[in-house]
Amino acid sequence: LLPGARLRRPGPVRLLRLGFDLLSLVEASDRGAALPAPVARESWVAVARTHYRVRLHRLAPWQFAWLEALGSEGRDVQEAAGAGARACGGEAGRMLADLAMCLPAAGAAGLVTTA
């Protein structure tokens, strides 16, 4: 998270902003349970491939905004935090603090890599 550090969203990662909770449907299907009726509510999902497996990741609105601002070409982490904060109505400092906690997991999930 140092100034000048550049990250990017890998090309295969797709960000989805949906009007229903897709992950609940997928999780129920994976368990072999009856599929619930989709609930109308906004949800943010990242689709990423790691180790040859496609996985869905539930995102908070600020995570979605930051990944979207980061882009696949790459961007300075702090610049993307400022753009993401403006997009979701948050504060860049708060977003950077939250990123410090979740960035290692995002890297392991294949959502971000070095630019």
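Residues numbered from 1 in each chain as written. Predicted model: local features only at pLDDT ≥ 70, side-chain atom pairs only at ≥ 80, totals over all residues. Heavy atoms only, no water.

S.K.: Explanation requested: the sheet that holds strand β2 (residues 14–20) in the structure shown.
M.R.: Within a sheet, adjacent strands bond to each other through the backbone by hydrogen bonds, running parallel or antiparallel. Here we have three strands laid out as an open sheet, ordered β2-β3-β4, and antiparallel in their pairing. Across the chains shown, the open sheet's two edge strands, defined by having one partner strand only, are β2 and β4 (53–59). Each strand axis lies, on average, 30 degrees off the axis of its neighbour in the sheet, ignoring direction. Both β2 and strand β3 (residues 40–50) contribute to a ladder of six bridges, which runs antiparallel. Paired with Arg14 across the two strands is Val47, which belongs to β3. Docked against the sheet, helix α1 (residues 22–31) engages β2, β3 and β4, running at close to 135 degrees with respect to β4. (Pairing = 2+ DSSP bridges. Helix = DSSP H or I, 4+ residues; strand = E, 2+ residues; numbered from the N terminus. Axes fitted to C-alpha atoms, helices over the stretch in contact; angles between N-to-C directions. Contact = heavy atoms within 4.5 Å.)

S.K.: What exactly am I supposed to notice about the sheet that holds strand β1 (residues 6–8) here?
M.R.: Overall, antiparallel pairing links the three strands, which are arranged β5-β1-β6 in an open sheet. The open sheet has two free edges, formed respectively by β5 (75–76) and β6 (113–114), since each of these has just one partner strand.

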